[in-house]
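Residues per chain are reported as follows:
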Amino acid sequence: MLRNYFKIAWRTVRKNKLYSFINIASLAVGITSCILIGLYIYNELSYDNFNIKADRIVRVTMEYRSSGTVNKTAVTGTKTGPQLQRTFPTIEAYTRAIKAKRIIGSGEKVFNEANVLYADSTFLNIFSFNLLQGDAHTALNSPDNIVITKSIAKKYFGNENAIGKTLRVADAKDFVVSGVTADVPINSQVQFDFIIPFRNLRAAQKDEEWWTANYVTYLLLQQPTQIAGLQQHVTRYMKSVTKDELKMEGDGYLTYNLEPLRNVHLHSSLDGLEPNGNITYVYILSIISILILIIACVNYTNLATAQAAGRGTEVGIRKVLGAAPSQLFGRFIGESFVLTFIALILSVFIAIALLPAFNAAAGKTLTTELLLKPIPLLSLLSLTILISFFAGIYPAFILSNSKLANILKSGFRLSSSGGGLRKSLIVFQFVVSVFLIITTVVVLQQLSYIQHKDLGYDKDHVIVLPVDNKMSQNYEAIKRGMTLVPNVVSVSGGYEPITFVQWGDGITAETTGGKKDLSVNATPVDLDFIKTMDLKIIAGADFTRADLLALDTSYNYKNYRNAFILNEKAVKELGWTPEQAVGKTISKGAPGTIKAVVKDFHFSTLHQPIGPFVIFLQPNEVLQLFVRITGNNIPATLQSLSNAWKERITHRPFEYHFLDDDYNALYKTERRTAKVFALFSGLAILLACLGLFALTAFTTAQRTKEIGIRKVLGASVISIVSLISQDFLKLVIIASLIAFPLAWWAMNKWLQDFEYRISIGWWIFLAAGLIAIVIALLTVSMQAIKAAVSNPVKSLRTE
């Protein structure tokens, strides 16, 4: 019997090609959206699950209060892991890790590698990275060892056995390959291509420190149930450390928080070795996929209901021949299943084709292999069954339960009692569409604001070049060589890009209220930094060669004198005006003079307010070279810089990026959000139009006699089109009025995350409503014009 149901269903699909095409297309769009979003969510929720000991691993984050300000960071000092293990027996092992860029070579092959991890020897015992060659217990025991991934082994050594081979790390030494791991899973918060023993870092060779916070620390506990208890013990222990060892005064403190490994990626606000995800975005995408799927099911229901008006003869004959309601119900549900199954097959191919574009929008590297895993496969099959049932249940019910006497007397007539439900479904579809249009426009507006806001410095036409230890020995000559290149305006150096400064520090000043400590962000720079970044000095003057000579380290720093430039916020916190601040003495480890005050500028994302900032002269801390160019003939300028580089630097290739790339990278999540919202708002509008098309078809079928009579009485085509269209336009207007406050509330909440943000203009809501109305009008007009130009004689004869 089931075979017969599907056989007849397939015939119906082939017979009603337009109806079937719209239904399959609608369902395919909905299922494709669910597949893509489902893969994204599956990947996000599976982060770090491959680690066998994941339930026993915690990440240690640092929290401290200094000068009244509470700071939280994902990095710790070198002492945190070792000292906690020595103090608490529940900690089985620890590992510290830090990412770095290194020039690595083998023979004539030399590459600038950005994914080098320094980690303790216990790293491969704590995490479950698949070691293809070597021993996880000993691979990192020797300081001369290095572990690489399978892809890196092929990159440097081809098909040869990599074990025992030598890799040369610039500014360091030669390392012997002691292990080869499988490529790191994409759902790992720890990504690497190389692992070098932690003891090779200079910081590891010094005394352990609480405060030099640059390292991500993980602990392996003996039992998963010990996490909460250990947190309490750590908090109590650090109170005594704060008082007895660190001698912190007032309300200052240092403590550590433990984050279970599986919670870090989606639930922590602190990025570690890799950027975190956000559970909020997972919820948003889940809701969007469900809404789009509901819209697709609504479309099927409306189209099937509209189509039912022409299937009265079929239903009547089957009832006369003895078909029971349950048989008719099964027959129409079977038809729903066939359509859904076809849509599913089509959706899989569409999803595979769109996966690269979706990866680009979402910032992921999802693969089609994920679809073959048990959970996604079972989810797809379950989804097919659910869609088949819920999309087909309403039309199947009304068709199978229609009364035979009514069918034989006047043909199959759809009850008007379901009109409210059908109209409500259309309103729902357009509420979702208008909501997504508004949210997309607001996100794009905020991104535009971010892109064009005055940051207090000029990020355009600034080239960023790396500086390593070997280059530092010849830094001045390199800088002079870059300055001589045509179209170069100025050259300077710094520790990190000004777009996002993470260096935390503190200064002490004598104010009218007495001695004051102030927590600040700071950056060490070279001469000409202010000029190169186009910062605005509002009082005082820039650093000079004399300030550089004052950094005298002879005679045990006896004559050493710092030089500082503060921003407006720092000066205000100290209770001075910019003019009063110039010439004052402050201390940051060593005393120094405030040379100038610059206008406040954004050294972090626009999510954060501008805080106190200190620029201090320290060329030996320079890790990056900043080259401002005119912007004229950029390719030629880059070639000239490359030539100047190759003349002076032979151990590494000329690799550069622009400062505005660093700035744009700060808002990758927002850009991805805009792309995803734009994509799915377009899909929602498409599906809503198909749903509107269905309801228009249903309405014109129900009003065939009325339209015929109106035409006989002299009604024009325009008046009939207006008659049909006005009811649907009312639905779109109602949907817009519902969507407006919902979208305003959601976007207002989203914008609260930005300290600097746009105001949501009324024109956005007006534009979204007009877009929905125009799209709806075009969709309705297709069916309305067809009904208006039909022959009234034919419609009245059949009615």
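Everything in this summary refers to the structure shown in the same document. It should be emphasised that the depicted structure is a prediction, and the values quoted were computed from it without experimental measurement. (Residues numbered from 1 in each chain as written. Predicted model: local features only at pLDDT ≥ 70, side-chain atom pairs only at ≥ 80, totals over all residues. Heavy atoms only, no water.)

1. Regarding the environment of Tyr253
For step 1, the next point in the chain: Along the chain, Tyr253 turns up in strand 11 (residues 253–260).
For step 2, the next point in the chain: Measuring from C-alpha to C-alpha, the distance between Tyr253 and Val241 comes to 9.0 Å, with twelve residues separating the pair along the chain.
For step 3, the next point in the chain: Apart from residues no more than four positions distant in its own chain, Tyr253 is found in contact with Glu63, Tyr64, Arg65, Val70, Thr242 and Met248.
For step 4, the next point in the chain: A polar atom in the side chain of Tyr253 sits 2.6 Å from the side chain of Glu63. (Helix = DSSP H or I, 4+ residues; strand = E, 2+ residues; numbered from the N terminus. Contact = heavy atoms within 4.5 Å. Polar contact = N/O pair within 3.5 Å; in protein donor to acceptor, adjacent residues only side chain to side chain.)

2. Side note on the packing of aromatic side chains
For step 1, the next point in the chain: Following the criterion strictly, the structure yields 28 aromatic pairs and no others.
For step 2, the next point in the chain: Ring geometry for Phe129 and Phe192: centres 5.0 Å apart, planes at 85 degrees, overall edge-to-face. With a gap of 63 residues between them, Phe129 in the loop between helix 4 (123–126) and strand 5 (131–133) and Phe192 in the loop between strand 8 (174–181) and strand 9 (194–197) connect regions that are remote in the sequence. No difference in accessibility class separates Phe129 from Phe192, as the two residues are buried.
For step 3, the next point in the chain: The structure contains a cluster of three or more aromatic residues connected by ring pairs, namely Phe50, Phe123, Phe127, Phe129, Phe192 and Tyr218.
For step 4, the next point in the chain: Between the NZ or CZ atom of Lys155 and the centre of the ring of Phe111, over which it lies, the distance is 4.2 Å.
For step 5, the next point in the chain: Note that Lys459 overlies the ring of Tyr663, its terminal NZ or CZ placed 5.1 Å from the centroid. (Phe/Tyr/Trp six-rings, centres within 6.5 Å; stacked < 30°, edge-to-face > 60°. Buried < 20%, exposed > 50% of the residue type's maximum accessible area, 1.4 Å probe, protein only. Lys NZ or Arg CZ within 6 Å of the ring centre and 35° of its normal.)

3. Considerations on the pattern of salt bridges
Opposite charge on two side chains makes pairing possible when the charged atoms of those side chains draw close.
For step 1, the next point in the chain: This structure, assessed with the given rule, holds 18 salt bridges.
For step 2, the next point in the chain: Measuring nitrogen to oxygen at the nearest pair gives 2.7 Å for the salt bridge that ties Glu274 to Lys99. Of this pair, Glu274 sits in the loop between helix 7 (261–267) and helix 8 (279–308) while Lys99 is found in strand 3 (residues 91–106), placing the two residues 175 residues apart along the sequence.
For step 3, the next point in the chain: With a relative accessible area of 21%, Glu274 lands in the partly exposed category.
For step 4, the next point in the chain: According to the relative accessible area criterion, Lys99 is partly exposed, its value standing at 23%.
For step 5, the next point in the chain: One network of salt bridges, with partners in common, ties together Lys479, Asp526 and Asp528. (Salt bridge = Lys/Arg side-chain N within 4 Å of Asp/Glu carboxyl O.)

4. Things to note about the packing of helix 15 (residues 475–483) against helix 21 (residues 634–648)
For step 1, the next point in the chain: Relative orientation of the contacting elements helix 15 and helix 21 amounts to 155 degrees, with a least axis distance of 9 Å. One finds that helix 15 runs roughly antiparallel with respect to helix 21. In the crossing of helix 15 with helix 21, the sense of the turn from one axis to the other is right-handed. Only Leu641, Ala644, Trp645 and Arg648 of helix 21 make contact with helix 15, whose side of the interface consists of Ala477, Ile478, Gly481 and Met482.
For step 2, the next point in the chain: Grouping the constituent residues of the contact of helix 15 with helix 21 by class yields six nonpolar, one polar and one charged. (Axes fitted to C-alpha atoms, helices over the stretch in contact; angles between N-to-C directions. Parallel < 35°, antiparallel > 145°, perpendicular 65-115°, else oblique. Left-handed = near helix turned anticlockwise from the far one by under 90°. Nonpolar A, V, L, I, M, F, W, Y, C, P; charged D, E, K, R; others polar.)

5. What about the pairing of strand 17 (residues 562–567)?
For step 1, the next point in the chain: In terms of residue burial, strand 17 counts as a mostly covered element, since six of its six residues are buried.
For step 2, the next point in the chain: Of the two faces of strand 17, the one carrying Asn562, Phe564 and Leu566 and the one carrying Ala563, Ile565 and Asn567 are both buried.
For step 3, the next point in the chain: Taken together, the three bridges between strand 17 and strand 20 (residues 613–617) define a ladder with antiparallel strand orientation. Counted as the bridge partner of Ile565 is Ile615 from strand 20. (Pairing = 2+ DSSP bridges.)

6. Points about the environment of Gly761
For step 1, the next point in the chain: Inspection of the secondary structure assignment puts Gly761 in the loop between helix 25 (717–751) and helix 26 (762–788).
For step 2, the next point in the chain: Spatially, the C-alpha atoms of Gly761 and Trp744 are 9.9 Å apart, while their sequence positions differ by 17 residues.

7. Points about the nonpolar core
For step 1, the next point in the chain: Among the nonpolar cores identified, the biggest contains 72 residues, and Phe430, Leu535 and Ile615 are the most heavily contacted of them.
For step 2, the next point in the chain: Per element, the largest residue contribution to this core is twelve residues, and it comes from helix 25.
For step 3, the next point in the chain: Excluding residues that lie within four positions of it along the chain, Ile615 makes contacts with Thr523, Val525, Phe529, Ile530, Leu535, Phe543, Ala563, Phe564 and Ile565.
For step 4, the next point in the chain: Of all hydrophobic cores here, the second largest spans 49 residues; its members include Ile22, Leu285, Cys297 and Leu380. (Core = buried A, V, L, I, M, F, W, Y, C linked by side-chain atoms within 4.5 Å.)

8. With respect to helix 5 (residues 150–157)
For step 1, the next point in the chain: Along helix 5, the residues that are buried comprise Ile152, Ala153, Tyr156 and Phe157. Buried residues along helix 5 cover an arc of 105 degrees about the axis, so they all sit on one side. Away from its buried face by more than 90 degrees, helix 5 exposes Lys150 and Lys154.
For step 2, the next point in the chain: Gly158 lies just past helix 5 and shows a positive phi near 65 degrees. (Arc of directions from axis to C-beta.)

9. Some remarks on a nonpolar patch on the surface
For step 1, the next point in the chain: Together, Phe337, Phe341, Ile345, Phe349 and Ile385 make up an exposed nonpolar region whose accessible area comes to about 500 Å².
For step 2, the next point in the chain: Here the nonpolar patch gets four residues from one element, more than from any other, and that element is helix 10 (residues 325–362).
For step 3, the next point in the chain: You can see Phe349 is positioned in helix 10. (Patch = residues over 30% accessible without salt bridge, like charges linked within 9 Å, V, L, I, M, F, W, Y side chains within 5 Å. Areas by Shrake-Rupley, 256 points an atom, 1.4 Å probe, with all protein chains shown as cover.)

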